[in-house]
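# Fold and geometry: a report
Given next are the chains, with one letter for each unit.
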Amino acid sequence: MSTLTKLYRKMLGIPLSFFVKNNPIPHHPIAELNLDIHQPFVYVLPYTSQTDLVIFQRNCLHVGLPDPLQPNEINGEKVPRYVFLDEGHSFFKSKGAKQETEKVFYKYLELHRTLADLNVQLVPVSVLWGRSPGQEDKNGLPKLRLLNCVQKTFNILWFGRDTFVRFSQAVSLRYMVDEHGSDEKIAQKLARVAKIHFAKQRISAAGPRLPNRQAMFKKLLQSPTILQAIDDEVKSKNISKEKATKEAEKILDEIAANVSYEGLRLADRFLRWLWNKLYQGIEVQHADRVRKLALEGHEIVYIPCHRSHIDYLLLSYVLYHQGLVTPHIAAGINLNFWPVGGLFRRGGAFFIRRTFKGNRLYSTLFREYLAELFHRGYAVEFFIEGGRSRTGRLLAPKTGMVSMTLQALQQGQTRPISIVPVYVGYEHVLEVDTYAKELRGAAKEKENAGLVLRVIKKLRNLGKGYVNFGEPISLNNYLTQHYPDWKQTNQEERPAWFNQAVDQVSNQVMVNINNAAAVNAMNLTGTALLSSRQRALTREQLLEQLQSYQQLLQNTPYSQDMIIPAESPEQMLNHVLSLDRVGVLTEKDNFGEIVRLERNSAVLMTYYRNNIQHLFVLPSLVASIVLHYGAIQQDLVIDAVEKIYPFLRAELFLHFSEEELELQIESIINELNRQELIKSNDTLLIINRPKVRSLQLWSAGMREILQRYQIAVSLLCNDPAMSRTSLEKESQSIAQRLSVLHGINAPEFFDKAVFSGFINSLKNNGYFDENGNADLAKLQELSDIFMRLISAEINLTIQSAVEKTEEINPEDKTEDNV
């Protein structure tokens, strides 16, 4: 390397250090890409650019990767650690860059022939100077890399903060040599494959060109499906075709996004400030799954759980900083208010009414607009729950958007469609105070500018946020596996399998979201404190319980996708105590320190507990059975869990199949035994009295669920012919009575929808006959299990209320069978 080149790089480094920020993607490439720092690296850059090389070098050193400007020393030979594929517009051109690269590749391949332990990792790297995809009505592809000196200077000034260094998955040269040989043709092939990779990477980073809204509207309004809907509107409302067409244009204008790349950049600045103000960090996991899908050319549909209005903003922000295209987002029409409606629209939001019922023109236009987004290759995001969860649990899925997605695939969508379930979690949700008021009966406040300002005024220390990308669902593969003939279906007709497929896919999305749950200090602490009837524990008890939770999650993981905190119990507790307005207090007396939950904060804390309740229901159920029986055969524990599990699986979207369940129960029993919470005597499980308090806290996780189940089952045992409407109504009434008499704070305890879901599960699992009457023998067997696991006091209250129900409504029997 010449002295002039070295001097030029040093001179470049001065302005670049001021204007260009380190933004590696992924943020921790060694861990996320499974790179072996003990083996040599060779970095591949797409174009000769000293500016890119200097920025890349700085990012390498920042993340702990070897300096690209220092050569690899292998077997006494020095070989370059970086290569360029093409010459580019650089003043310091690498003449014959392609030939030089192939020569370096061949040298590495030769070294692998002679050194059996050598495994050089070939890492493609590109520097992204802004990621504007361009407009579809302008000629030429967006110039993401190949920039001349003037363009690069402008980009340093304008896009410096939006420059990203993208590290791709390494290629093992040892694998290449072992599988394909090491001649010059393999070296040439490596160069060609790298070039194709960079072309795909450009598309995955910037996405397709942004649409011309009016041109898109014109195209949609000429489609046969929409023309037919307009004709039907003319006939049904007896209006002119011109008026119906204008109404269609108005609806499209109401729905469609108006994405602006500069708007996204400005939003990024605001959101960076917002997250720094609100949260102590955003933890992101498994984004590599999405980057892989994007590189493979998949149409990506993000389906997150819905905790807060800021979910929209957080996911787009995370995707942008993971080097991915921000999606078009289906947002409720209630968010289309001044001034944020226009800002959301420029950020990718397209608006959807709460209901399509009775408006065929609207439903047709929305469905065709969504299909057009898929056809043009735009990523899409929607919330399958329909609205924000007020209880912290996943809501039952609303399947309309999934149905439209499957319709788009069925009607000739050429690119494969993959759904990416996303778990979004927070240690403190902005609207949680509002949720508590709504659950107490207050009316939902309409979204408006004043509400936004009040939220902004509340900016405070809210802990951490979490975005975890769950296991993707390839719709093409899913349909091929479960419905092999799906491609043969007439595109104009809805096939017989369609509705079942929609329900199955929707349920699998919910299961995968729960698999990716983020466990944190707040929801673990809340779970422990709420497990105590007094909502208080000594500091020692609380730390011991946090450790028990943490160890069980580590040793008997619910899934491989979930996030488990690495901090110690002491660190987690101190973190929760440091957060603002969470209602966790400490008191000291002569015997030590007590940690308690304020009474008014109990309902709020159930929200965070419910975020991870599904992770603990099986160990809680096992603990509850052992605790209430005192001593019990292991096979009887397994039998009892298997009888209750179908209801838990449906309610909490659990993932264990019937075949996997027994192994998971045995694993839980082994872990509780290892923690000495129970003792095993041959096949008998016994309470370990010195640790009974911890076992009680574990069992409390099932307390309210079992009480709810027993309410409905007791009503049916008392009156097997009770109508479904009466069963739901009376179950809810008894649950409300229990919550008052026994101080139950869980907001979902008397939720009518939860009882409705349980009744569906009873029906699906054969607890009703063909005429809709309850199978008394099976229900009595289930009730006997519940009674053993519920306190005598609660059982008496339930039984008393059931008897009074018959006295109050003696005639209300069979208006509609279950």
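You'll find the structure just up there.
Residues numbered from 1 in each chain as written. Predicted model: local features only at pLDDT ≥ 70, side-chain atom pairs only at ≥ 80, totals over all residues. Heavy atoms only, no water.

## Here's the deal with the overall build of the protein chain
Formally: Runs of E in the DSSP output that reach at least two residues are strands. Runs of H or I that reach at least four are helices, and both are numbered from the N terminus. In this description the radius of gyration comes from C-alpha coordinates, and the expected globular size is given by 2.2 Å times residues to the power 0.38. A simple rule labels every residue: compare its accessible area, found with a 1.4 Å probe on the protein chains alone, to the largest value its type can have, and call it buried under 20%, exposed over 50%, or partly exposed in between.
Within the protein chain, the regular secondary structure consists of 33 helices and 22 strands. Its C-alpha atoms give the protein chain a radius of gyration of 30 Å, within 12% of the compact-globule value 28 Å for 818 residues. Along the first, second and third principal axes, the C-alpha set of the protein chain runs to 95 × 75 × 55 Å. Out of the 818 residues belonging to the protein chain, those deemed buried represent 55%.

## With respect to the sheet that holds strand β20 (residues 631-633)
Note on sheets: strands pair through backbone hydrogen bonds, and any given pair is parallel or antiparallel. Condition: Two strands are counted as paired when DSSP detects at least two bridges linking them. For helices, the fitted line uses only the C-alpha atoms of the stretch in contact; every axis is such a line through C-alpha atoms, and the angle between N-to-C directions lies from 0 to 180 degrees. When checking whether two residues touch, look at their non-hydrogen atoms; a contact exists if any pair is within 4.5 Å.
Taken in spatial order, the 3 strands line up as β20-β22-β21 in an open sheet, and their pairing is antiparallel. The sheet is open, and its two borders are formed by β20 and β21 (678-681), each paired with just one other strand. When strand polarity is set aside, the average angle formed by the axes of neighbouring strands in this sheet is 25°. Where β21 meets strand β22 (residues 684-687), 4 bridges bridge the pair, whose relative direction is antiparallel. Looking at β22, one finds that Asn681 is bridged to Leu684. Relative to β20, helix α26 (residues 634-652) is tilted by about 80°, and along the sheet it contacts β20 and β22.

## Here we look at the packing of aromatic side chains
Condition: Whether two aromatic rings pair depends on their centres lying within 6.5 Å, for rings of Phe, Tyr and Trp, where Trp uses its six-membered ring; planes under 30 degrees apart make the pair stacked, over 60 edge-to-face, and the rest tilted. To sit over a ring, a charge needs its Lys NZ or Arg CZ within 6 Å of the ring centre and within 35 degrees of the ring normal.
Following the criterion strictly, the structure yields 29 aromatic pairs and no others. When the ring of Phe41 is compared with that of Tyr43, the centres are 6.0 Å apart and the planes differ by 15°; the resulting orientation is stacked. Assigned by exposure class, Phe41 and Tyr43 land together as buried. Considering the side-chain rings of Tyr43 and Phe56, the 4.9 Å spacing of their centres and the 80° angle between planes classify their relative orientation as edge-to-face. Remark: Phe56 occurs in helix α3 (residues 50-63) and Tyr43 occurs in strand β2 (residues 41-47); sequence separation between them is 13 residues. By relative accessible area, which is 0% here, Tyr43 ends up buried. Above the plane of the ring of Tyr767 lies Lys778, whose end atom (NZ or CZ) is 4.6 Å from the centre. Looking at Arg788, its charged tip hangs above the ring of Tyr629, at a distance of 4.0 Å from the centre.

## Some details on the environment of Glu770
Checked against the element boundaries, Glu770 lands in the loop between α31 (752-764) and α32 (776-789). Spatially, the C-alpha atoms of Glu770 and Ala371 are 41 Å apart, while their sequence positions differ by 399 residues.

## Examining a nonpolar patch on the surface
Filter applied, for reference: Residues with no salt bridge and a relative accessible area higher than 30% make up the patches, which join like charges within 9 Å and nonpolar side chains (Val, Leu, Ile, Met, Phe, Trp, Tyr) within 5 Å. In these tables, accessible area is a Shrake-Rupley quantity obtained with a 1.4 Å probe, and a residue counts as shielded only by the protein chains included in the view. We count a salt bridge whenever a side-chain nitrogen from Lys or Arg sits within 4 Å of a carboxyl oxygen from Asp or Glu.
Taken together, the side chains of Leu4, Leu7 and Met11 define a hydrophobic patch exposed on the protein surface, amounting to about 320 Å² of accessible area. Position of Leu4 among the secondary structure elements: in helix α1 (residues 3-19). For Leu4, a relative accessible area of 54% puts it in the exposed group.

## Here we look at unusual backbone geometry
Here the residue pair Ile25 and Pro26 is connected by a cis peptide bond, since its omega of -5° sits within 30 degrees of zero. Relative to the assigned elements, Pro26 resides in the loop between β1 (24-25) and α2 (29-32).

## Considering the pairing of strand β6 (residues 121-129)
Of all 9 residues making up β6, 9 are buried, and the element is well covered by its neighbours. Covered by surrounding structure in β6 are Gln121, Val123, Val125, Val127 and Trp129 together with Leu122, Pro124, Ser126 and Leu128, the residues of both alternating faces. The pairing of β2 with β6 spans 4 bridges and is classified as parallel. If you follow Tyr43 over to β6, its bridge partner there is Val123. Looking at chain direction, β6 and strand β8 (residues 171-172) are connected through 2 bridges and run antiparallel. Pairing of Gln121 across the sheet is with Ser172, part of β8. In this sheet, strand β7 (residues 163-167) lies alongside β6 in antiparallel orientation, the contact comprising 5 bridges. Considered in β7, the bridge of Val127 is made with Val165.

## Quick notes on the pattern of salt bridges
Taken as a whole and assessed by the stated rule, the structure comprises 33 salt bridges. For Glu77, the salt bridge identified is with Lys107, shortest N-O distance 2.7 Å. Within this pair, whereas Glu77 is found in strand β4 (residues 77-79), its partner Lys107 is found in helix α4 (residues 97-114), the two being separated by 30 residues in sequence. Judged by its relative accessible area of 26%, Lys107 is partly exposed. Note that Arg360 and Asp232 form a salt bridge whose closest N and O atoms lie 2.3 Å from each other. Pair noted here: Arg360 is in helix α15 (residues 360-376) and Asp232 is in helix α9 (residues 224-237), with a separation of 128 residues, a long-range link. Using a relative accessible area of 25% as the deciding quantity, one classes Asp232 as partly exposed.

## Side note on empty space enclosed by the protein
Empty space among the atoms becomes apparent when a probe as large as a water molecule is rolled across them. To keep it simple, the criterion reads: Of the grid points, spaced at 1 Å and generated over the protein atoms alone, those admitting a 1.4 Å probe that cannot get out make up cavities, while open sets with protein on both sides within 12 Å along at least five of seven lines make up pockets; any residue with an atom within 4 Å of a point is treated as lining. Grid points are joined across faces, edges and corners, and a volume is the space filled by probe spheres set on the points. Residues are sorted three ways: Asp, Glu, Lys and Arg are charged, Ala, Val, Leu, Ile, Met, Phe, Trp, Tyr, Cys and Pro are nonpolar, and all the rest, Gly among them, are polar.
Counted according to the given criterion, the structure contains 10 cavities of 30 Å³ or more. Counted as a void, the largest cavity has a volume near 210 Å³. Forming the walls of the largest cavity are 19 residues, and the residues nearest its centre are Ala206, Leu210, Leu264, Val325 and Thr326. Secondary-structure elements contributing two or more residues to the lining of the largest cavity are α7 (184-206) and α11 (261-278). Of the residues belonging to the lining of the largest cavity, the class tally is 14 nonpolar, 4 polar and 1 charged. There is about 150 Å³ of room inside the second largest cavity. Along the walls of the second largest cavity sit 15 residues, with Thr527, Ser531, Arg609, Ser620 and Gly701 positioned nearest its centre.

## Section: the layout of surface pockets
There is about 1000 Å³ of room inside the second largest pocket. Lining the second largest pocket are 33 residues, with Arg649, Ala650, Glu651, Phe653 and Ser761 positioned closest to its centre. Of the residues belonging to the lining of the second largest pocket, the class tally is 16 nonpolar, 9 polar and 8 charged.

## Some points on the nonpolar core
Put simply, the rule is: Grouping buried Ala, Val, Leu, Ile, Met, Phe, Trp, Tyr and Cys residues that are joined through side-chain atoms within 4.5 Å yields what is termed a nonpolar core.
With 203 residues, the main nonpolar core has Tyr302, Phe350 and Phe469 as its most contacted residues. Ranked by residue count, the leading element in this core is helix α25 (residues 613-629), at 10 residues.

## Things to note about the pairing of strand β5 (residues 82-86)
Across the 5 residues of β5, 4 count as buried, placing the element largely inside the fold. Where β2 lies against β5, 4 bridges are found, and the strand directions are parallel. Along β5, the bridge assignment pairs Tyr43 with Tyr82.

## As for the packing of helix α10 (residues 241-255) against α15
Each pair of packed helices can be described by the angle between their axes along with the distance between the axes. In plain terms, the rule: If an angle is under 35 degrees, it is roughly parallel; if it is over 145, roughly antiparallel; if it lies from 65 to 115, roughly perpendicular; otherwise it is oblique. Each crossing gets its handedness from the near helix: less than a right angle anticlockwise from the far helix is left-handed, clockwise is right-handed.
Packing of α10 against α15 leaves a shortest axis separation of 10 Å and a crossing angle of 50°. Looking at the two axes, α10 sits oblique to α15. Taken as a pair, α10 and α15 cross one another with a handedness that is right-handed. Together, Ala244, Glu247, Ala248, Ile251, Leu252, Glu254 and Ile255 of α10 and Leu361, Tyr362, Leu365, Phe366 and Tyr369 of α15 make up the contact between the two elements.

## Concerning the side chain of Glu728
Along the chain, Glu728 falls in helix α30 (residues 724-742). Note on Glu728: relative accessible area 11%, which makes it buried.

## Here we look at the sheet that holds strand β18 (residues 584-589)
Overall, antiparallel pairing links the 3 strands, which are arranged β17-β19-β18 in an open sheet. Looking along the sheet, the strands with just one partner apiece sit at the ends: β17 (536-538) and β18. When strand polarity is set aside, the average angle formed by the axes of neighbouring strands in this sheet is 25°. Across 3 bridges, the pairing between β17 and strand β19 (residues 592-597) is antiparallel.

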